[in-house]
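One-letter residues, chain by chain:
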Amino acid sequence: MLKTIRANRKWFIGLLIGIVVAVMFPQIVQIRFVWNLLSLILIWSIVGMGWNVIGGYCGQVSNGHSMFYGIGAYTVALAAHYWKISPWIAIWIGVLISAGLAFLIGKPLLRLRGHVFAISTMAIAECCRYIFINWKWAGGATGVYIYSKNANPWLSMQFKNPLYYYYVFLGFTVLVLVVIKVLDKSKFFYYLRTIKGNETAAESVGINAAKYKIRAYMLSAAIVSLGGSLYAQFLLYIDPSTLMTLNISMMIVLTAVMGGVGTVMGPILGAIVLTTISEYSRVYLGKFGGLDMILYGVLVILIVLFVPGGIVSLFGKKFASLKRKGSSEVTGG
Amino acid sequence: MENILEIKKATKKFVGLVANENVTFDVGKGEIVGVVGPNGAGKTTLFNSISGAHHLTEGTITFKGTDITNMKAYDICRLGIGRTFQIPQSLTEMMVYENVLVGALCKCKNMDEAMDLVDKTLDLCEMKDMKYESAGKLNVPQKKRLEIARAMATEPELLLLDETMAGLNATERKDAVNLIKKINSMGVSILTIEHNMDVVMNVSHRVVVLVSGKVLMVGTPKEVTSNQDVIDAYLGGGAKKNG
Amino acid sequence: MSMFMQALFEGIINGSTLALIAMGISLVWGVMGILSFSQGEFLMIAMFFTFYVNRFFGLDPIFILPFAMAFMYVFGFFIYKLIIAKALKGPVLSQRLITFALSMVLVNLALLIFGGEFRTIPKVMISGSIDLGFMTLAKQKIVPFVISVCVAGFMFWFLNKTKTGKAIRATSMNKTAAGLVGINSDKTFAMAFGLSAAIAGAAGCALTYFYYIYPNVGGNFQLFGFIAVVMGGFGSIPGAFFAGLIMGLADAYTGVYMNTAFKYVGICVVFLLIVQFKPKGLFGGK
């Protein structure tokens, strides 16, 4: 791991600068709305990066990741509600549950490809949503309130000041980002890219495609679950109809794809652009019944048509030369 | 000479079609064996059975003494069989060296070792100057060399080449033949599907003729090209010169 | 017994709408490889079209049908040329996202323009019911079924017997080869897309006979439509049609015999099992 850091010196220095900027920014722009927006951006960054593992790097486009998002959210909510378990622990329980579920359904599911795979993930996610709507113990259609008046803010991650949320989320985002960056040039991700390119060719060079696809699915489920847990803590109230819908699944996909599929920074860029647009239009245009979603949809259409490589490709040339320098450092190092 | 590959009574049936029937022949260690035959003779199907892309309906395939008839493709690769595909399956979104890297990662224990092997393999296939090129930008002969490089990076003992010469001009063919001979001189046995009879004559120690899924004859290039049955079934009148 | 028959009836009625949606999805999938998320919205638009034509001209939906189909065909054609055509040149992933974004825009546009309240057609020509003793057949519900069968029949005839239809099928099988024999693939794609919109339009118009009209109505059919297409087998349009009917029946039967919650789960489980053991669908693939 240290070697990767040394080899990608430039990137990690960039990361540190980015962290400093991210920390300073809300101190300079002291607007509550912006602070909330930033927290949302971080959550979507995490979720987008998670999906990217299976959908972007490995090319298996799942349209059902809202399921893992919801499981992450429900785990922290129910753990707090029934057993007063702190979210700092419950988050990881959620991660384990999601990864475990991914393992169980991954085996049969990942034998499917393309559109059939996508539709199957949608069906499973919808199933899950229906189960939660009808599951009284888990709150049913009314959902679960996490908010409790006398809770210790740090132990139960319930902050009055939105800035605290932001800094906690920032920590998690950096964690996920570093994990992805380290994996980016690893054997694991190279194998995923090969599977994406051509599964038969991948097998001919010794790659057990099924094994790696499941691992990628599990990792992506775990990361998306983390995002869902954070979201639950942020909103302090969850219900199946906001969390586990097809819309959410597709927005997760959009974040990664609009930003740049299969890249490290893509989902973050996608999250920044899409979340900012959707939040601002929700606030300013929401009263015109649906105008904000129209704007979102039109924006997506425009990006798909005119920037097919994702927002990351706008920084294309600059990235390509950085990539070359990066790779010569890998060979030399 | 001991055999590295033994195919016994290999039969592959699809719904409504028998692609290979009772195919039997061996590849000796260090040999180059050519597989020839008209289109649809079942050559690539046979390769797919050997490499594990699909499995035989009947018969056995033994590699280095191990029965690989029903082994998974990735396990077969790890045992030591590498292959190229008729239409090069380059990973176009990655650079040339990354394409070779995924092959190298098969047997190497860490990234450093793999990158060394990548450099050695690129050297062997004379692609060192294209190391950082995007694989998508390569032309056909370069893609074919990349196919071979990727397969060689898995350090195979038997290399399956599927119509390497197709679409190459005379100079490119000469380079390809040199590469094949170089690889063979490293101790790698080669089984190659080829339409170009000149190349087959030049390169192979022995030739297997497949017609309609069955083995018509196995022999040296000279024996095969002077055999009347083979001439009737495959070589015909003018097919000998071109390919 | 009567519950069984009633469910059979309900199931076939429901299924007939799904069948049309599934056919449209299958057509677009087969011809240009795109997963169309907008079929439900084409249905919805046709429903609103029917509603307003009925309101201003007093025509019964049965008579509005040809206009609704024509309108949707043009609409679909136009959408293809404007948006889809360019997307096809890009990565596959983006194509799917574009139809999803399109559906988002259409739903919310409808919400904006028409508002969210539920509407119905006030008076339809054929109403009342047939009492068979062991079950009652609402005549209003028979109409969509009949329309669905007619439209499906028309589609089969069109795709198999007419020159344009054959061109569409040829392009779906092999675009390059079709191009070589002079078939303009771009135009064919546009026609296919328009056709799929027209089919959804027919379903929508027919549905106004007894269903509520509101912007989100498409969502009720979209997922089941997808499932039907996969079950029916990719590339098989009749397969999609019959799978749609089967889905409708499954929906009705699980609704009668199982808890509503498990109904959905049950259908999905059946679907996933089918997909595992017959990945090419019940009626075979391409």
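Owing to the predicted nature of the structure, the values given are computational and were not obtained by experimental measurement.

1. Some points on the pairing of strand 2 (residues 17-28) of chain B
Line of reasoning, step 1. Judged from the eight bridges that link them, strand 1 (residues 3-14) of chain B and strand 2 of chain B form a sheet pairing that is antiparallel. Along strand 2 of chain B, the bridge assignment pairs B:A10 with B:V23.

2. Here we look at the interface of chain C and chain A
Line of reasoning, step 1. Of the residues lining the interface, 33 residues belong to chain C; the matching set on chain A comes to 35 residues.
Line of reasoning, step 2. Sort the elements by how many residues they give to the side of chain C that touches chain A and helix 4 (residues 92-114) of chain C lands first, with 13 residues.
Line of reasoning, step 3. Its residues assigned to classes, the side of chain C that touches chain A shows 28 nonpolar, four polar and one charged.

3. Digging into the sheet that holds strand 2 of chain B
Line of reasoning, step 1. Strand order in this open sheet of four strands is 2-1-4-5 (chain B), and the pairing throughout is antiparallel. Across the chains shown, the open sheet's two edge strands, defined by having one partner strand only, are strand 2 and strand 5 (66-67) of chain B.

4. Let's talk about the pairing of strand 7 (residues 158-162) of chain B
Residues and elements named next belong to chain B.
Line of reasoning, step 1. Of all the five residues making up strand 7, five are buried; the element is thus mostly covered by neighbouring parts of the structure.
Line of reasoning, step 2. The alternating pattern of strand 7 places L158, L160 and D162 and L159 and L161 on opposite faces, both of which are buried.
Line of reasoning, step 3. The sheet contact formed by strand 6 (residues 81-83) and strand 7 spans three bridges and is parallel. Across the sheet, the residue bridging to I81 is L158, located in strand 7.
Line of reasoning, step 4. By the bridge criterion, five bridges tie strand 7 to strand 8 (residues 189-193) in an arrangement that is parallel. In the sheet register, L158 faces strand 8, and the bridge partner there is S189.

5. A few points about the nonpolar core
Line of reasoning, step 1. In this structure, C:A22, C:M23, C:M72 and C:A202 are the most contacted members of the largest nonpolar core, which totals 285 residues.
Line of reasoning, step 2. Looking at which element gives the most residues to this core, the answer is helix 10 (residues 209-235) of chain A, with 16 residues.
Line of reasoning, step 3. For C:A22, the residues in contact, after removing those within four places along its chain, are C:G225, C:A228, C:V229, C:G232, C:A240, C:F241, C:A243 and C:G244.

6. Some thoughts on the interface of chain A and chain B
Where interface size is given, it is often the accessible area lost as the parts come together that is meant.
Line of reasoning, step 1. Each partner contributes to the interface: chain A provides 18 residues, whereas chain B provides 22 residues.
Line of reasoning, step 2. Among the elements of the structure, helix 8 (187-197), helix 9 (199-204) and helix 15 (316-332) of chain A are those that each provide at least two residues to the side of chain A that touches chain B.
Line of reasoning, step 3. The element best represented in the side of chain A that touches chain B is helix 8 of chain A, accounting for six residues.
Line of reasoning, step 4. Across the side of chain A that touches chain B, the residue classes tally to five nonpolar, nine polar and four charged.

7. Here's the deal with the confidence of the model for chain C
All names here are of chain C.
Line of reasoning, step 1. For chain C, mean pLDDT is 81; residues scoring 70 or higher make up 90% of the total.
Line of reasoning, step 2. Confidence scores differ between elements of chain C, with helix 7 (residues 175-180) showing the lowest mean pLDDT of 68 and helix 2 (residues 39-57) the highest of 89.
Line of reasoning, step 3. Scoring the predicted complex yields pTM 0.88 and, for the interface, ipTM 0.87.

Definitions and limits used
- Residues numbered from 1 in each chain as written.
- Chains lettered and ligands numbered in written order.
- Predicted model: local features only at pLDDT ≥ 70, side-chain atom pairs only at ≥ 80, totals over all residues.
- Pairing = 2+ DSSP bridges.
- Helix = DSSP H or I, 4+ residues; strand = E, 2+ residues; numbered from the N terminus.
- Contact = placed C-beta atoms within 7 Å.
- Nonpolar A, V, L, I, M, F, W, Y, C, P; charged D, E, K, R; others polar.
- Buried ≥ 20, exposed ≤ 12 C-beta atoms within 10 Å, placed from the backbone.
- Core = buried A, V, L, I, M, F, W, Y, C linked by C-beta atoms within 7 Å.
- pLDDT = per-residue confidence, 0-100.

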